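Here is what each chain is made of, one letter per residue.
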Protein chains: 2
Amino acid sequence: MENRILIVDDDVNICDLLEIYLEKEGYKVYKANSGVDALKIFKERQLDLIVLDVMMPGLDGYETLKEIRKTSAIPVVMLTAKGETFDRVLGLELGADDYIVKPFEPKELVARIRAVLRRYKPQVQKKSLEYKDLIIDADSFIVIYKGQEMELPPKEFELLYFLASNPNKVFTRDQLLYEVWGYDYPGDSRTVDVHIKRIREKLPEHDEWQIKTVWGVGYKFEVKS
Amino acid sequence: MENRILIVDDDVNICDLLEIYLEKEGYKVYKANSGVDALKIFKERQLDLIVLDVMMPGLDGYETLKEIRKTSAIPVVMLTAKGETFDRVLGLELGADDYIVKPFEPKELVARIRAVLRRYKPQVQKKSLEYKDLIIDADSFIVIYKGQEMELPPKEFELLYFLASNPNKVFTRDQLLYEVWGYDYPGDSRTVDVHIKRIREKLPEHDEWQIKTVWGVGYKFEVKS
DNA sequence: CCATTTTTGAACAAAATTTTAACTGATTAT
DNA sequence: ATAATCAGTTAAAATTTTGTTCAAAAATGG
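Note that the coordinates shown come from a computational prediction; the quantities given were computed from them, not determined experimentally.

Explain helix α8 (residues 191-202) of chain B residue by residue, including any values.
Residue and element names in this part refer to chain B. Counted at 1.5 Å a residue, the expected span for α8 with its 12 residues is 16 Å, and the 17 Å between its end C-alpha atoms agrees. Among the residues of α8, Val 192, Asp 193, His 195, Ile 196 and Ile 199 are the ones counted as buried. Buried residues of α8, viewed axially, fall in a sector of 165°; they line one side. Where α8 is buried, its residues meet α6 (154-165), α7 (173-181), β11 (209-214) and β12 (218-223).

Take a look at the structure:
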């Protein structure tokens, strides 16, 4: 489901800029130009993350954050002016999840927001998958293959989980790096292959399913029907 | 298939630099040194993304973008000299998809382009095609002929998929090279014929459809009605 | 902080596909 | 009928993509 983000900054231009970028990323955006407005929206709406400017007239970012933290553990990314190391420490101690120094690249902010959301979201929704002789349990991070429990390292587990969540659909290495690793950069490396190899080692080919190489394209979790 | 990118900048050096980087990433690159040239190429060619400099003599980046947006939602990344937040908002409100400040790191530009393309490509979801005794499934990259699953190599698959997506329409070899391979092909070759032959071998002629040679012109995926 | 495990990225060999080029066969126009 | 094109076939060369290994970097757990 679409993530909802509240942007709080007294500079309307910054709010607008971020709104455009975040909406392009598929987020639902709310805006507030003061701490007071922010708290109002925060109480009224169901939000997933707040971007909070530190320096604002009236209720500043710290006070607003302190107020929010009285009732909620919602992820908060702080915007701070350059050079104020103290700000960062204070912000993080008050429970900010990340901070970004102005002037910032919108792209960077978007990436950080995505990273913070990644840290928080997964706990909520993942369920376990079942195929013949294979159970992938997302709660316990455990795989049961032919009745035998095994622990996979996190990346291997997530890769397997992602592929098995989308059976019979091919993903390119780039897509997998993006979806599983969260990367946004171009890399030609065999990283994905190496992980695939290890998963295959641990879960030898099966009649009913297998991780299949689609030559020239990528990999898929193929299930016989 | 290879993504096609148009670079628009009056500075030839920048065009050349970007061309080198983007080609290394596997993109097909076109270049234009003015807004007018850009619009001409945009009308002639099938493109996937445009990198557009803001400051150009004659038709500037904003005007060019406005022109493009009258007919197309193609992803556009704007290039600008170090500037103000307001510029960004303007560009983005005109429908730019991202914004990069000069001087930039080529790596960063490449990363942004990839990110923008990733956002847009999935929407153009390839769907699977169905004819009598023939299913071409673009998700799993599989062809099912008379109930039997087969895997085609990538070029064969894409060629078949393209032809079958446009039944009863004839394409010249050049068009196919352009559409499937992404080439502006230097001269004449039997490449297409060889691939057609291999597809025909794997999918023997059928009553309801066939890949037909149109003598002196090219090929078509013919469907009986 | 150290020891151990996991992840990463480069190198390279192996496998599969794609392209080329030369040749053969088919069709058309004169 | 014959020349001139155009299409089909073939096999080997060239290219691309994948699998595997390994050492170093990063993360993890005491």
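Tell me about the interface of chain B and chain A, residues and numbers included.
Taken together, the contact pairs 27 residues of chain B with 28 residues of chain A. A buried area of about 2300 Å², summed over both sides, lies between chain B and chain A, and 54% of it is on carbon and sulfur atoms. Among the residues chain B hides against chain A, the three largest losses belong to Arg 114, Arg 118 and Arg 119 of chain B. Together they make up 22% of the total. Where chain B packs against chain A, one counts four salt bridges.

Any details on the packing of α6 of chain B against α7 of chain B? Residues and values, ideally.
Residue and element names in this part refer to chain B. Contact geometry of α6 with α7 gives a least axis separation of 10 Å together with a crossing angle of 115°. Between α6 and α7, the angle falls in the class roughly perpendicular. Crossing angle aside, the handedness with which α6 passes α7 is right-handed. Counting all contacts with α6, which are made through Lys 155, Glu 158, Leu 159, Phe 162 and Leu 163, the residues of α7 involved are Leu 176, Glu 179, Val 180 and Trp 181. Taken together, the residues that form the contact of α6 with α7 break down as six nonpolar, no polar and three charged.

Give me unusual backbone geometry: which residues, what numbers.
Working note: non-glycine residues mostly have negative phi, and peptide bonds are mostly trans. Residues and elements named next belong to chain A. Positive phi values are uncommon outside glycine, yet Lys 146 reaches one of about 50°. Tracing the chain through its elements places Lys 146 in the loop between β8 (142-145) and β9 (148-151). What makes Lys 146 exposed here is its relative accessible area of 52%. You will see that Asn 168, though not glycine, has its phi angle at about 65°, which is positive. Residue class for Asn 168 comes out partly exposed when judged on its relative accessible area of 29%.

Please provide a residue-by-residue account of the pairing of strand β4 (residues 76-80) of chain A, values included.
Residue and element names in this part refer to chain A. Judged by how many residues are buried, β4 sits mostly within the fold: five of five residues are covered. Going residue by residue along β4, you find Val 76, Met 78 and Thr 80 tucked away on one face and Val 77 and Leu 79 tucked away on the opposite face as well. Remark: the strand β3 (residues 49-53)/helix α3 (residues 61-69)/β4 crossover connection has right-handed handedness. With four bridges connecting them, β4 and strand β5 (residues 98-101) associate as parallel partners. For Val 77, the partnering residue across the bridge sits in β5 and is Asp 98.

Account for the packing of aromatic side chains, naming residues and giving values.
A full pass over the atoms with the stated rule returns 12 aromatic pairs over all chains. Taken together, a centroid distance of 6.2 Å and an interplanar angle of 15° make the contact between Phe 157 of chain A and Tyr 161 of chain A stacked. A residue pair is termed a helical-turn pair when its members lie 3 or 4 positions apart in one helix, as Phe 157 of chain A and Tyr 161 of chain A do in helix α7 (residues 154-165) at four residues. Here Phe 157 of chain A and Tyr 161 of chain A have matching classes, each one buried. Aromatic pair Phe 162 of chain A and Phe 171 of chain A: ring centres 4.8 Å apart, planes at 55°, arrangement tilted. Exposure class is identical for Phe 162 of chain A and Phe 171 of chain A. Each is buried. Above the plane of the ring of Tyr 178 of chain B lies Arg 4 of chain B, whose end atom (NZ or CZ) is 5.1 Å from the centre. The ring of Tyr 30 of chain B has Lys 28 of chain B lying over it, and the distance from NZ or CZ to the ring centre is 5.5 Å.

Before we move on, can you summarise the pairing of strand β11 (residues 209-214) of chain A with the specific residues and values?
All names here are of chain A. Buried residues dominate β11, accounting for five of its six residues. Bridge count for β11 against strand β12 (residues 218-223) is six bridges, and the pairing is antiparallel. Residue pairing across strands places Gln 210 opposite Glu 222, the latter belonging to β12. Counting the residues between successive antiparallel strands, the hairpin from β11 to β12 contains three residues, one of them, Gly 216, with a positive phi of roughly 80°.

So, how was this worked out
Residues numbered from 1 in each chain as written. Chains lettered and ligands numbered in written order. Predicted model: local features only at pLDDT ≥ 70, side-chain atom pairs only at ≥ 80, totals over all residues. Heavy atoms only, no water. Helix = DSSP H or I, 4+ residues; strand = E, 2+ residues; numbered from the N terminus. Expected span 1.5 Å × (residues − 1). Buried < 20%, exposed > 50% of the residue type's maximum accessible area, 1.4 Å probe, protein only. Arc of directions from axis to C-beta. Contact = heavy atoms within 4.5 Å. Buried area = accessible area lost by both parts, 1.4 Å probe. Salt bridge = Lys/Arg side-chain N within 4 Å of Asp/Glu carboxyl O. Axes fitted to C-alpha atoms, helices over the stretch in contact; angles between N-to-C directions. Parallel < 35°, antiparallel > 145°, perpendicular 65-115°, else oblique. Left-handed = near helix turned anticlockwise from the far one by under 90°. Nonpolar A, V, L, I, M, F, W, Y, C, P; charged D, E, K, R; others polar. Right-handed = clockwise from strand over helix to strand, strands pointing away. Pairing = 2+ DSSP bridges. Phe/Tyr/Trp six-rings, centres within 6.5 Å; stacked < 30°, edge-to-face > 60°. Lys NZ or Arg CZ within 6 Å of the ring centre and 35° of its normal.

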